[in-house]
Amino acid sequence: MSLYKSGQDIISFFSTLVKATQIYDVNNDVVQGAAKKFISYINSLFTTTSYIELLRYRDYIFFNRVRLRFEIEGYTSLQFINEKFKRLTIKSLSFLPGVSQNEIIKFASVFKEDRDSFLKLYAMEKFKFINIEFSSGEDEIPEFFQNGEQIKRSYFKALKVTKNLMQNLWTKQPIDAKSIRKVVYTLIDNLVQDETGLLALTTIKNFDEYTYNHSLNVGILALAMGERIGLTKINLVKLGTAGLLHDIGKVEIPKDLLYKIDNLTNEEWESLKLHSLYSVRQIIKTRGLDEIAISALIAAYQHHWNYDGSGYPTLGEIELRPIFYARIIRICDAFDAMTTPRPYHPISYLPPIAIRVVWERRNTYFDPTLAKIFVQLLGLYPVGSCLELSSGEIGLVITQNLGYFDAPVIKIVINSKGEKVDGRAIDLSLEKDIKIIRAVYPQTYNINPASYFKVG
Amino acid sequence: MEELVAEIIISLTKTIKAFQMYGISHPITKNFFIPFYQKIEEFLKNYKELSFRIERFTMLHSNLVVYEDKERDTSIAFKLFRDGIRNITFYEGLETDELFLFLETISQPLKEQDIALSLWECDFSHISFYVVEEEESLTYQIPETRIENIDYDTKITEMIQLEKLDMTKSIMPDLNPDELIILKSEISSDQKKEMQLLAINTLINFLNIEKSEEIINSLIELSEQCINNNDFYNARRIIHKLNAYPEFKIIERFENEVTILSFKNLPDTLNEKSFNEFIAFIGFFSKKTVPYLMTMISTVKRKERLESLRYRIAYICQDDPTPILPFLEDKNTTRLINAIAILGIMRLKETITYLRPLFYHAEPPVRMEVVTALAETNEPMVIFEFLNDTDPNVRIKVLQTLAQNRYPKIYPELLRRIKSREFPCLNFIEQKEFFNCLVVNGDHTITKNLERFLFKWVLFGKANYRAIRKLAALALAQVGSEETLKILQKGIKKKNKEIKSACETALKQK
């Protein structure tokens, strides 16, 4: 069994046990049964591993160094444990060989308490086979955690590869198909490590090179959705490739049309709409016809099909539901397109507005279930959003808060006097006194959100 | 520890050599692999992880060189180093399958393949590797935010109004149980076959809008995949579409001996739907494939499917017997019979001419097939000649064939043969077919004649004649007129027990 699966199971068994102690007496059969299961499971793990450690860094939980992803399955348990760790300021929790059923029940009944009671009871009980390390606020980056610099480096490498690919196709130069594969694999590795870090990079919007940025951003957003849904690695490869290459057909559209500032004529608009068709041809040129290319070309062809059967290219009378990957890309493409300034709409939508558009158009444009997952993933105030706060300050969303879609973690960038500051980070799920008043354009305050992620 | 690492490395090199020399499923390969796995497992039990640093021609463990091979073609270190792998670590819990896959991957001759990408695709749980990116300077700068000379707050209000949004409305994006179930089933469903179908639809849709060589070539590739997977429905759809582009000669790609002979087991193994698709698919073939098709169908065991295939070949021949004629001289009886049958299906005027040399073929099944083929020629007297055949099965076949259509011409001759002295000596089945044929081809005198057969006074050979009475009674019942029924009822009242019993049986069957 993989470490990842073991980690998921540990989280599931442990949260069941803690929840049972919240409801029942420790001698109740439900608690005893849950503890028995947990003990039996960790004892089976001790045959192949000498320690069991749950570690929290940022909003991530690691089991024996392997990061556990927030998948739909097991989401609630992971969220519960993460929340408890955060509130009890636990950095890591270890179980050692020899831990007994009684000790585990005792610990669970302490773990369920609020921070003050927990600290008192934990100090009193002196657990022999359960160790806790407390968080000191700014924890060191774990040695096995990929640093942000590497993720940024991978992002820009991916951007360069995407740009090279499209430019080579534009100029009919040979393409390096292997590098595209590598980009997708690297993005998946980065995402598994730190999806927040990678998603933050999608706030980079390059007006002059938006086609490349857009392709990469859609690839990242789609992969983050796929990861949240719990797709297997090979399916993530298919989805990521589809996301990255969905607009590749634009290389067949004349550049003057692609970058036209004025309103498009009907004829021009019809020509532009052919890009999803041309993406099919370009994907075949780039990747051939393997299983991954097949998924990608179908998704690219369908990425402007709506959930209700409308969209383009039209199939006349036939109404078909787009494939799963195309429905994911449809949302990611629309969101990134709305939030990216382009020659023909230089003022992009604010991310919190674009999120609401996605929400309102579920069932018509977008798959309703996938739209929900997208909102869960990015929150109501996606990373990079600029928010006016009840304190009179302006904050920039720097990370999502697991389970709190409307209360992200923000960084103060303008103080109440209107001065630019390198302010503190505030977890809005903990600071109940500070409310979000509204989303604002960062341009109003001459802020470039991407620069706050120390990119470049 | 060092000793054990040294042993692991020796075992690794031997195992990789075995993988390369004997392949993955050979017992010798397994004989090398098992001790290798055991050694690694022993190490991991004691030390939790085993890590190797990879340099150009060497592998290092705890900063000590444990492997060195400077031959680029054989060096494991070089192979890994070349594709950017700088470290490999095995972890406690390593499974045999994982290690086997790892060795299989790194043993392959990877000319074009990138070993780092291949290892990534293996998705190991207890093996990790570190890959370096090519060192290059990334000079990307964060683009400046464009600030337009507009009132951004007004813009926000306009956007919210345009999209009719209520920014204060609460949103609950939690999935309900039904959504979760649907989502899980979508994630877990095996979409491979569906994807291929959709890819074909997509490419065909593309061609509906624009002709493209890349798309046509892709469809050709997909049609080959479909055929390899026995998906003749989609293969046929592709060929049908690509027939609009004759310059690509789509069907010619499959009109070769190797491809067609690869189909030989399909008629007996495909399900009904797929078989029908297969039949439709081979309908695209031209006459030049007939020799291969004839060989292909020679092993088919299921009769009804063989018949469908014969019809299909006749269709491919388009009334031209030329591709079939050489097979009329074939020494292989099965192929010869198929050729005769196909010729019969073609209903040509010249069929008798082509088949005449086979009238006295040594093999009765061949002569029987000739009879069947002749049935399509509307020349009953030619078929009738076969009633003199020495083989009763051939004669039975003749009678059955002649009973399928009405040939009044043969009636008197049938009567003559039934009345002959030899008739009672024939076996019952043949006699029965005679009477059956007589009823089908009889004229207004049939009732009278059957009555005579039924009530005939026989002095000698009563036992032999019993069957004839019985068959005559049955034939009367088969005619089924008022008159024949009266005759049978009259027969019931006869004292002759044989007549009575024959009539009772016939009436019961009626």
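Source: prediction; values computed, not measured. (Residues numbered from 1 in each chain as written. Chains lettered and ligands numbered in written order. Predicted model: local features only at pLDDT ≥ 70, side-chain atom pairs only at ≥ 80, totals over all residues.)

Chemist: Sorry if this is basic, but what is going on with the overall build of chain A here?
Modeler: Each helix and strand in chain A was counted, giving 16 helices and 10 strands. Radius of gyration (C-alpha) of chain A: 24 Å, near the 23 Å computed for a compact globule of 456 residues. Taking the principal axes of the C-alpha coordinates as reference, chain A spans close to 75 × 55 × 40 Å. In chain A, buried positions account for 49% of the 456 residues. For chain A, the proportion of contacts with a sequence separation of at least 24, taken over those separated by at least 6, is 66%. (Helix = DSSP H or I, 4+ residues; strand = E, 2+ residues; numbered from the N terminus. Rg over C-alpha atoms; globule rule 2.2 N^0.38 Å. Buried ≥ 20, exposed ≤ 12 C-beta atoms within 10 Å, placed from the backbone. Contact = placed C-beta atoms within 7 Å.)

Chemist: Hey, could you run me through the overall build of chain B in this one?
Modeler: Summing up its helical and strand segments, chain B has 26 helices and five strands in all. For 510 residues, the compact-globule estimate of 2.2 N^0.38 gives 24 Å, and the C-alpha radius of gyration of chain B, at 40 Å, exceeds that figure by more than 25%. Seen through its C-alpha atoms, chain B measures out along the principal axes to roughly 115 × 75 × 50 Å. Across chain B, every contact between residues at least 6 apart in sequence was considered, and the portion connecting residues at least 24 apart equals 64%.

Chemist: I tried to follow helix H16 (residues 368–378) of chain A on my own but got confused; where do I start?
Modeler: Note on helix geometry: an α-helix contains 3.6 residues per turn, so any two residues three or four positions apart are oriented the same way. Along H16(A), 10 of the 11 residues are buried, which leaves the element largely enclosed by surrounding structure. Taken residue by residue, H16(A) has A:Thr369, A:Leu370, A:Ala371, A:Lys372, A:Ile373, A:Phe374, A:Val375, A:Gln376, A:Leu377 and A:Leu378 as its buried positions. In the core, the buried residues of H16(A) are packed alongside helix H8 (210–229), helix H14 (324–338), helix H15 (351–360) and strand S8 (404–414) of chain A together with helix H7 (177–188) of chain B. In the stretch just after H16(A), A:Gly379 is the one whose phi turns positive, near 75 degrees.

Chemist: Hey, could you run me through the confidence of the model for chain B in this one?
Modeler: Keep in mind that low pLDDT regions are not for reading the predicted coordinates in detail. Of all residues in chain B, 97% attain a pLDDT of 70 or more, and the chain-wide mean is 90. Here the predicted complex carries an ipTM of 0.84, next to a pTM of 0.82. (pLDDT = per-residue confidence, 0-100.)

Chemist: Which parts of the structure should I look at to understand the domain arrangement of chain A?
Modeler: Reports of interface size often rely on the accessible area that becomes lost once the parts have come together. If you check the domain split of chain A, you get domain 1 (3–134), domain 2 (148–374) and domain 3 (386–453). The C-alpha-based centres of domain 1 of chain A and domain 3 of chain A are spaced at 33 Å. (Domains from an automatic or database assignment.)

Chemist: Explain the sheet that holds strand S3 (residues 66–68) of chain A here, please?
Modeler: In a beta sheet, neighbouring strands pair by backbone hydrogen bonds and run either parallel or antiparallel. All names here are of chain A. Within the open sheet, the five strands sit side by side as S3-S2-S1-S4-S5. Their pairing is antiparallel. Every interior strand has two partners, whereas the edge strands, S3 and strand S5 (130–134), have only one. Here the strands of the sheet are splayed against their neighbours by 20 degrees on average, with no regard to which way each runs. Relative to strand S2 (residues 60–63), strand S1 (residues 52–57) runs antiparallel, the two sharing four bridges. What sits directly across from Tyr57, in S2, is Tyr60. (Pairing = 2+ DSSP bridges. Axes fitted to C-alpha atoms, helices over the stretch in contact; angles between N-to-C directions.)

Chemist: Help me out: how do you make sense of the interface of chain B and chain A in this one?
Modeler: Contacts between chain B and chain A engage 50 residues on the former and 61 residues on the latter. Elements supplying a minimum of two residues to the side of chain B that touches chain A: helix H5 (115–122), helix H6 (152–162), H7, helix H8 (192–209) and helix H9 (213–228) of chain B. The element best represented in the side of chain B that touches chain A is H8(B), accounting for seven residues. In the side of chain B that touches chain A, the residues fall into 28 nonpolar, eight polar and 14 charged. (Nonpolar A, V, L, I, M, F, W, Y, C, P; charged D, E, K, R; others polar.)

Chemist: Sorry, what's going on with the pairing of strand S2 (residues 58–61) of chain B here?
Modeler: Residues in a regular strand point their side chains to alternate faces of the sheet. All names here are of chain B. Examined bridge by bridge, strand S1 (residues 49–54) and S2 share two bridges and lie antiparallel to one another. Considered in S2, the bridge of Ile54 is made with Met59. Counted along the chain from S1 to the antiparallel partner S2, the turn is three residues long. Two elements, S2 and strand S3 (residues 64–68), share four bridges in a ladder whose sense is antiparallel. Across the sheet, Met59 pairs through a bridge with Tyr67, a residue of S3. With antiparallel pairing between neighbouring strands as the criterion, S2 and S3 make up a hairpin whose turn holds two residues, including Ser62 at a positive phi of roughly 50 degrees.

Chemist: Help me out: how do you make sense of the pairing of strand S7 (residues 394–401) of chain A in this one?
Modeler: All names here are of chain A. S7 sits mainly inside the fold: seven of its eight residues count as buried. In this structure, strand S6 (residues 386–389) lies alongside S7, joined through three bridges in antiparallel fashion. Paired with Leu387 across the bridge in S7 is Gly395. Count of turn residues in the S6/S7 antiparallel hairpin: four residues, of which Gly392 carries a positive phi of about 85 degrees. Pairing of S7 with S8 involves six bridges; the strand directions are antiparallel. Each bridged residue has a counterpart across the sheet, and for Thr399 the counterpart in S8 is Val409. From the end of S7 to the start of S8, which pair antiparallel, there are two residues, and Gly403 there has a positive phi angle of about 90 degrees.

Chemist: Even after reading the chapter, I still don't get unusual backbone geometry, so can you show me in this structure?
Modeler: The phi angle of most residues is negative, glycine excepted, and most peptide bonds adopt the trans form. A cis amide bond, omega -5 degrees, links A:Tyr312 with the succeeding residue A:Pro313. Turning to its location among the elements, A:Pro313 is positioned in the loop between helix H13 (291–302) and H14. One non-glycine residue with positive phi stands out, namely A:Asn446, at about 55 degrees. Its location among the elements puts A:Asn446 in the segment after strand S10 (436–440). For A:Asn446, a count of 10 C-beta atoms within 10 Å puts it in the exposed group. Here the phi dihedral of B:Asp123 falls at roughly 55 degrees; this positive angle occurs in a residue that is not glycine. Residue placement: B:Asp123 occurs in the loop between H5 and strand S5 (127–131). On the neighbour-count criterion, B:Asp123 (14 C-beta atoms within 10 Å) is partly exposed.

Chemist: Explain the environment of B:Ile54 to me, please; I cannot follow it from the model alone.
Modeler: All names here are of chain B. By the element assignment, Ile54 lies in strand S1. The sequence separation of Ile54 and Ala362 amounts to 308 residues, and the corresponding C-alpha distance is 77 Å. Sequence-distant contacts of Ile54, defined by excluding residues within four places in its chain, comprise Met59, Ala77, Leu80, Phe81, Ile85, Arg86, Asn87 and Ile88.

Chemist: What is the right way to read the sheet that holds S8(A) from this model?
Modeler: Residues and elements named next belong to chain A. Reading across the sheet, the five strands line up as S9-S8-S7-S6-S10 and stay open at both edges, with antiparallel pairing between neighbours. Two strands close off the open sheet at either side, each with one partner strand: strand S9 (425–427) and S10. In this sheet, adjacent strand axes meet at a mean angle of 40 degrees when their direction is disregarded.

Chemist: What's the story with the packing of helix H14 (residues 290–297) of chain B against helix H15 (residues 303–317) of chain B in this structure? I'm lost.
Modeler: Two quantities define a packed helix pair, namely the angle between the helix axes and the distance between the axes. Residue and element names in this part refer to chain B. The interhelical angle for the contact between H14 and H15, taken along N-to-C directions, is 175 degrees, at an axis separation of 11 Å. Taken together, the axis directions place H14 and H15 in an arrangement best described as roughly antiparallel. When H14 is examined against H15, the residues Val290, Leu293 and Ile297 are found in contact with a partner set consisting of Leu306, Leu309, Ile313, Ile316 and Cys317. Of the residues in the contact of H14 with H15, the class split is eight nonpolar, no polar and no charged. (Parallel < 35°, antiparallel > 145°, perpendicular 65-115°, else oblique.)

Chemist: I tried to follow the packing of helix H1 (residues 3–23) of chain A against helix H2 (residues 29–45) of chain A on my own but got confused; where do I start?
Modeler: All names here are of chain A. Viewed as axis vectors pointing N to C, H1 and H2 meet at an angle of 155 degrees, and their least axial separation amounts to 9 Å. The orientation of H1 relative to H2 falls into the category roughly antiparallel. In terms of crossing hand, the pair formed by H1 and H2 is left-handed. Residue-level contacts link Ser6, Asp9, Phe13, Phe14, Thr16, Leu17, Ala20 and Thr21 of H1 to Val30, Val31, Ala34, Ala35, Lys37, Phe38, Tyr41 and Leu45 of H2. (Left-handed = near helix turned anticlockwise from the far one by under 90°.)

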